[in-house]
Amino acid sequence: MSKGVKGSGGRSRTAETPQDVEGSPTDSRADRLRVRAAWMYFIEQMTQNDIAEVLGVGRVTVVRMLAEARLRNEIKIAIEGDLSDIVRQERALEQKFGVQRAIVAPLSGEGADPIPTIGAATGAYLSEAMKSGMSVGVGWGRTLTGTLPYISGKPLNDFRVISLLGGVGVARRTNPAEFAWRFAQAFQGDGYLIPAPAVVDSIETKRALIERCGLSEVFALADSLDAVLVSVGDIASASTFYRGGFLTEAEREKLAAKGAVGDLLFHFFDRAGKLVDHPINQLGMSVDVDRILRAPLRILTSGGSDKIDALLGAMKLVKPTVLITDEHSARRMIEAP
């Protein structure tokens, strides 16, 4: 019995040719297109017409692929199915950067916003990786906030979430207190915050807050973390810290002149993964990098065309054991010298 499939030019052909037998390249491509269409529709929330344009097929074909994905039980809370090119990227990242596991999320176009797709992949991973008895240190920002809708919560015993960076008083969508609290709530755990600004005016103020205002207890919790969950910001004006008013344009320009490519928990670093020589690195109310490196599970989730240098530097700075990014960022990281 023959069945119609779409060729690369959109013409219909039958399954009677040798290339169309089960397990053939044609079947592999059909599987890849079907899962990619489902991802675009359910995760990236693209319209069927937009998906058809990106994939080079007709809208009717998109409708059929989505229906088939449902019949194959590939659509649950997450979308399942291997994409061979994605798997190759994951293996290449693991080999090049020495990470234990790389997770690459499909993204429809290089100019598309990667946060929803990275957030979905990260949320699915965290839903499985979080266990009872864990102490998890977390950063905050747009990428981490984007994981919350995709976390399948479950009750965990003795589960603690420790915020690794201050930022109280920030009434925004990326409110750090809200992220740490909601992340802890998803697993019915306890949350510990750093009740201080993200950055202070002097080393003396920082020392006073830690030693005299009870913050030393929160910082001490970071000495025995089981896992950390962080993202990176770029040095460009689109970064969370710049938009949030934590970083002035003059400071940003000075950091860039020093070679800074991004920040992690308000630690500004260069492409070689070294902290830049700038006073602001001493003023962030955040856990230092050495404490982050003590955690056996270090999850770095980030992506975007403007963050490639920051990602490359962060790979050396915190040596993540798990990297989660999008396919276009993965490709550029793999191709980078």
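Above: the structure in question.
Numbers given for residues are sequential positions, taken from 1 along each chain in its written order. The predicted nature of this model means local features are confined to residues of pLDDT at least 70 and side-chain atom pairs, given and counted, to a pLDDT of 80 or more, with totals for whole chains, interfaces and linings taken over all residues. The side-chain quantities take in all heavy atoms of the structure and omit both hydrogens and water.

A.B. asks: Help me out: how do you make sense of the packing of helix α4 (residues 84-97) against helix α14 (residues 327-335) in this one?
C.D. replies: The angle between the axes and the distance between the axes are what describe a pair of packed helices. Interhelical geometry of α4 versus α14 gives an angle of 40° and a closest axis separation of 10 Å. Overall, the two elements α4 and α14 adopt an arrangement that is oblique. Read as a crossing pair, α4 and α14 show a hand that is left-handed. Touching Asp85, Ile86, Gln89, Ala92, Leu93, Lys96 and Phe97 of α4 are Glu327, Ala330, Arg331, Met333, Ile334 and Glu335, all from α14. Here the contact of α4 with α14 is composed, by residue class, of seven nonpolar, one polar and five charged. Think of each axis as a best-fit line through the C-alpha atoms, taken over the contacting stretch in the case of a helix, with angles from 0 to 180 degrees between the N-to-C directions. Secondary structure elements follow DSSP: runs of H or I no shorter than four residues count as helices, runs of E no shorter than two count as strands, and numbering proceeds from the N terminus. Any angle between 65 and 115 degrees counts as roughly perpendicular, while under 35 counts as roughly parallel, over 145 as roughly antiparallel, and the rest as oblique. Take the far helix as the reference: if the near one is turned anticlockwise from it by less than a right angle, the crossing is left-handed, and if turned clockwise, right-handed. Only heavy atoms matter for contacts: two residues are in contact if any of them lie within 4.5 Å across the pair. All residues other than Ala, Val, Leu, Ile, Met, Phe, Trp, Tyr, Cys, Pro, Asp, Glu, Lys and Arg, Gly among them, are scored as polar; the first ten of these are nonpolar and the last four charged.

A.B. asks: Any chance you could explain the pairing of strand β9 (residues 260-264) here in plain terms?
C.D. replies: Looking along a regular strand, one sees side chains alternate from face to face of the sheet. Taking burial as the measure, the five residues of β9 include five buried ones, the bulk of the element. Strand pairing is assigned whenever DSSP detects at least two bridges linking the two strands. Where strand β8 (residues 233-234) and β9 come together, two bridges link them in antiparallel fashion. Among the inter-strand pairings, Asp234 is bridged to a residue of β9, identified as Gly262. With four bridges connecting them, β9 and strand β10 (residues 267-270) associate as antiparallel partners. In the sheet register, Gly262 faces β10, and the bridge partner there is Phe269. Where β9 folds back on β10, the antiparallel hairpin that results is connected by two residues, among which Leu265 adopts a positive phi of roughly 55°. Buried, partly exposed and exposed residues are distinguished by accessible area as a fraction of the type maximum, computed with a 1.4 Å probe on protein chains only: under 20%, between the cut-offs, and over 50%, respectively.

A.B. asks: I tried to follow the sheet that holds β8 on my own but got confused; where do I start?
C.D. replies: Strands pair in a sheet through their backbones, by hydrogen bonds, and they do so in one of two ways: parallel or antiparallel. Strand order across the open sheet formed by three strands is β8-β9-β10, with antiparallel pairing between neighbours. Looking at which strands have only one partner, the edges of the open sheet turn out to be β8 and β10. Packing against the sheet, helix α13 (residues 308-317) makes contact with β8, β9 and β10, and its axis sits at approximately 100° to β10.

A.B. asks: Just to check I follow, could you spell out the packing of aromatic side chains for this structure?
C.D. replies: Two measures describe an aromatic ring pair: the distance that separates the ring centres and the angle between the ring planes. Any pair of Phe, Tyr and Trp rings, taking the six-membered ring for Trp, is counted once the centres come within 6.5 Å. Such a pair is stacked with planes under 30 degrees apart, edge-to-face with planes over 60 apart, and tilted for the rest. Under the defined criterion, the tally for this structure stands at six aromatic pairs. Taken together, a centroid distance of 5.0 Å and an interplanar angle of 85° make the contact between Tyr41 and Phe42 edge-to-face. Relative to Phe183, the ring of Phe159 lies with its centre 6.4 Å away and its plane at 50°, an arrangement referred to as tilted. In this pair, Phe159 is assigned in the loop between α6 (142-145) and β5 (160-163) and Phe183 in helix α7 (residues 176-186), connecting sequence segments 24 residues apart.

A.B. asks: Please explain the packing of helix α2 (residues 48-55) against helix α3 (residues 59-71) as it appears in this structure.
C.D. replies: At a minimum axis distance of 8 Å, the contact between α2 and α3 shows a crossing angle of 105°. As judged from the angle between their axes, α2 and α3 are roughly perpendicular. When α2 is examined against α3, the residues Gln48, Asn49, Ile51, Ala52 and Leu55 are found in contact with a partner set consisting of Arg59, Val62, Val63, Met65 and Leu66. Taken together, the residues of the contact of α2 with α3 break down into seven nonpolar, two polar and one charged.

A.B. asks: I'm lost on the side chain of Arg34 in this one. Help?
C.D. replies: Within the element layout of this structure, Arg34 appears in helix α1 (residues 25-42). Classification of Arg34 by relative accessible area gives buried; the value is 3%. Counting of polar contacts relies on pairs of N or O atoms within 3.5 Å, with two restrictions inside protein: one atom must be capable of donating a hydrogen and the other of accepting it, and residues adjacent in sequence are counted only when both atoms are side-chain atoms. Within the structure, the side chain of Arg34 is placed 3.0 Å from the side chain of Asp31, a separation counted as a polar contact. Apart from residues lying up to four places away in sequence, Arg34 is in contact with Met65, Glu68, Ala69, Arg72 and Glu74.

A.B. asks: Any chance you could explain the sheet that holds strand β7 (residues 227-230) here in plain terms?
C.D. replies: With parallel pairing, the seven strands of this open sheet are ordered in space as β3-β12-β11-β7-β4-β5-β6. Here the strands that pair on one side only, and so sit at the sheet edges, are β3 (101-105) and β6 (190-192). Between one strand and the next, the sheet's axes are offset by a mean angle of 15°, whatever the strand orientation. Judged from the five bridges that link them, β3 and strand β12 (residues 322-326) form a sheet pairing that is parallel. Within β12, the residue paired with Val104 across the bridge is Thr325. Contacting β3 and β12, α14 crosses the sheet at an angle of about 115° to β12.

Spatial relationships are all this shows, so hold off on functional conclusions.
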